Every structure is written in C-alpha cells, then in structure tokens.
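# Report on the structure
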Amino acid sequence: MAELQYREALNQALAEEMERDANVFLMGEEVARYNGAYKVSQGLLDRFGSARVVDAPISELGFAGLGVGAAMVGLRPVIEMMTWNFAILAMDQIVNNAAKLRHMSGGQLRCPIVFRGPGGAGGRLSSQHSQALEANYVHFPGLKVLAPSTPADAKGLLKAAIRDDNPVIFIEGELLYGLKRDVPEGEHLIEIGKADVKRPGKDVTIVTWSRMLTAVVEPAAEALATQGIDAEVIDLRSLKPLDEETILKSVAKTNRLVVVEEGWPWCGVGASIADIVQKKAFDHLDAPVTRVTGLDINMNYAANLERATQPSVERTLAAVNEVLYRS
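Residues numbered from 1 in each chain as written. Predicted model: local features only at pLDDT ≥ 70, side-chain atom pairs only at ≥ 80, totals over all residues. Heavy atoms only, no water.

Take the overall build of the chain next. When you go through the chain residue by residue, the secondary structure sums to twelve helices and 14 strands. Relative to the compact-globule value of 20 Å for 327 residues, the chain shows a C-alpha radius of gyration of 20 Å, a close match. Dimensions of the chain, computed from C-alpha atoms along their principal axes, come out at roughly 60 × 45 × 40 Å. Going through the 327 residues of the chain one by one, you find that 56% of them count as buried. Taking the intrachain contacts of the chain between residues at least 6 apart in sequence as the baseline, contacts between residues at least 24 apart amount to 82%. (Helix = DSSP H or I, 4+ residues; strand = E, 2+ residues; numbered from the N terminus. Rg over C-alpha atoms; globule rule 2.2 N^0.38 Å. Buried < 20%, exposed > 50% of the residue type's maximum accessible area, 1.4 Å probe, protein only. Contact = heavy atoms within 4.5 Å.)

This is the structure:
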C-alpha cells in the first residue's frame, strides 16, 4: 500500500496501462505539455511521447470523434474532458456513435474508449461548470458509467475501464483530486458493476457514489453512530451496470434506504434506485425510500449559497431520522 492522492492514483493507472498496452493513448485539452488541468497526466508526455499523449484543440466534439474513430480501428483511446460540463458539446459522438457502434454494426465493430474527467461542483465555479451529469449518460444503452469515490477505487476502475471493449464514461469528482488514501501498489483491478460496502450496519442503508461518500455520507454515518444508529454505507462505484444485488441484500437487512447524490432530484440516478427497490424489495421496506439530492436550481457562485445547494451532512441526518421515524 502507498498513500496517494486521487489524481496520483489516476496517473498511476494511466501509466501502468500505457506501459502494458501500446494501443492505449491519452488525448485532451492541455493533457501533454501542461500535464493536465488537474495534473492527472503529470509526467506522461515525457515518459510516452507526443504520439501517445496528445494535446487537443478546444473542440470537444472534434477530438471525441477522433477518439471514436481510433477505437474503431483497434486503438484504446482515453479521452480527457477538462470537465464533464464541456462534454455536453461532444454528446453526439458519445451517445450517437460510441454508444451505438456495436449495435448498429451487428457486432462487427467495437469501441473500446474511455471518456474521463471531473464532474460535479468544483468550488465557486458557478452554474455552467458545477453540474453532476451522470444521469445523462446512464440513460443511454451501450455506455458503462463509473464514478469512483476513493483513490484506490479510482485506480482499479480506470484500469478496468481501459481494458473494457465498450465505451466507458468515467466521472471523477472535481473536489476529490486532492483526497489522499491508501492505494494498492502494482496490479489493482476492480470489476465493473460491483458496489462496495464501505461500512457495514444494521439500522439503515445509505447508498451513494463519487464525492458524496467522503464529503457527506462518511461523516454522517459517524455522527449517527454517536446516536446509536448503525448505518450501512454502500458506495456504488459503478452506476451502469448497477449492482442491484448488493443494494437489495442490504435493504433486506436494514429495511430502510436513503440515497445521497450530488445531482438534481428530477430523473436522477437515485430515482431509478428507488424504483428498483420498491419493485424488488417492497416487502422489506419499513419506510419509504428517501433521497438527498442537490436542489432543483442552478448552482450559485457565492460559497455559502453553493453549500446550501448541495447535499449536506445535516440533510442526510434528517433523512435517516425520517426513515427511522425519529423526530
């Protein structure tokens, strides 16, 4: 084990996969000479050269399309979006080409490509740069969507994503890059589609992913423990495919579910989880599924209003007390 920042774990994953497979290359804005906007690609240009670490112009639709074409002919591109907010410009290539190539070619074409970059609030970046957009991508068949919460999971899942023969959306919480935790050294793979029980418990299940785990759910679970409430915390890690089995098994044990997500409430990932649980675990529920989400408004620039817009420990504690029928 080595203690690494989230960005360092991603860098290690990229370097190891580029060393292992000469078909892997990285492309995006400022990924080469500037070492990445968030320094995820630090040192990769010097190590692998400009043919495999490629600075792209400010044209997300263009270089996303280049990546899709490269994947079609056997390469394994990793396309960095400086932020997932900018990837909105590349949606046509991601959802109309990458996601549909295998289906529309009758299985003759593959698209082993990873689109990765930061998502969610970035700290006073206002409305256009602070959106948690994972619900957009889980909607489309053909895409796998990952949102790791810890450095170790980020490394293991990025390596698995690069080796996958399908297009993968890899969302990195923008405020997670400096998070430092233990990461296994050397080969470390995490199976796509498997959630992780970060904290076992018996009184209530809390499901979350990405930055909400460390920023909200872990401190909320610790606060609940001081009140004698034993919360089971599930980190989804993979939003599509979704590990329904782990969620349903936990709900069967705790009989209560709270979902904490940074995204908006309407048509969110948590809404689909609530639908799955009420359909497949209804008889186990002792209370309605409750969701803690970002507010249904655009993000504010002012720091105090930005905090008020996002899920919080206080709102999570209130949701848990609600499903436990505690005043």
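Moving on from the coordinates now.
The next point concerns the packing of helix α9 (residues 244-254) against helix α10 (residues 269-280). For the pair α9 and α10, the least separation of the axes is 11 Å and the interaxial angle reads 60 degrees. Judged on the interaxial angle alone, α10 and α9 are oblique. Where α9 crosses over α10, the two elements pack in a sense that is right-handed. The residues of α10 that touch α9, namely those facing Glu244, Ile247, Leu248 and Val251, are Ile273, Ile276, Val277 and Lys280. (Axes fitted to C-alpha atoms, helices over the stretch in contact; angles between N-to-C directions. Parallel < 35°, antiparallel > 145°, perpendicular 65-115°, else oblique. Left-handed = near helix turned anticlockwise from the far one by under 90°.)

A few words now on the sheet that holds strand β5 (residues 114-119). Across the sheet, which stays open at both edges, the seven strands sit in the order β3-β2-β4-β5-β7-β6-β12 with mixed pairing between neighbours. The sheet terminates laterally at β3 (53-55) and β12 (238-240), the two strands that pair on one side only. Shown here is a sheet whose adjacent strand axes are inclined to one another by a mean of 20 degrees, direction ignored. Bridging between strand β6 (residues 144-146) and strand β7 (residues 168-173) involves three bridges; their strand directions are parallel. Paired with leucine 146 across the two strands is phenylalanine 170, which belongs to β7. Lying on the sheet, helix α1 (residues 6-20) is in contact with β2 (24-28), β3, β4 (76-80) and β7; it crosses β7 at an angle near 150 degrees. Packing of helix α7 (residues 151-163) onto the sheet brings it into contact with β2, β4, β5, β6 and β7, and relative to β7 it is tilted by some 160 degrees. (Pairing = 2+ DSSP bridges.)

This part covers the side chain of serine 250. One can find serine 250 in helix α9. Since its relative accessible area comes to 2%, serine 250 is described here as buried. Sequence-distant contacts of serine 250, defined by excluding residues within four places in its chain, comprise Thr205, Glu232, Ile234 and Asn255.

Moving on to the sheet that holds strand β9 (residues 196-199). If you walk across this open sheet you meet the five strands as β9-β11-β10-β13-β14, and the pairing is mixed. Two strands in the sheet have a free side with no partner beyond their single neighbour: β9 and β14 (290-292). Looking at each pair of strands side by side, their axes are set apart by 25 degrees on average, direction ignored. Pairing of strand β10 (residues 204-208) with strand β13 (residues 257-260), which is carried by three bridges, proceeds in the parallel orientation. Each bridged residue has a counterpart across the sheet, and for isoleucine 206 the counterpart in β13 is valine 258. Across the face of the sheet, helix α8 (residues 212-226) comes into contact with β9, β10, β11 (231-235) and β13 while running at roughly 170 degrees to β11. This element, α10, spans β10, β13 and β14 of the sheet and lies at about 160 degrees to β13.

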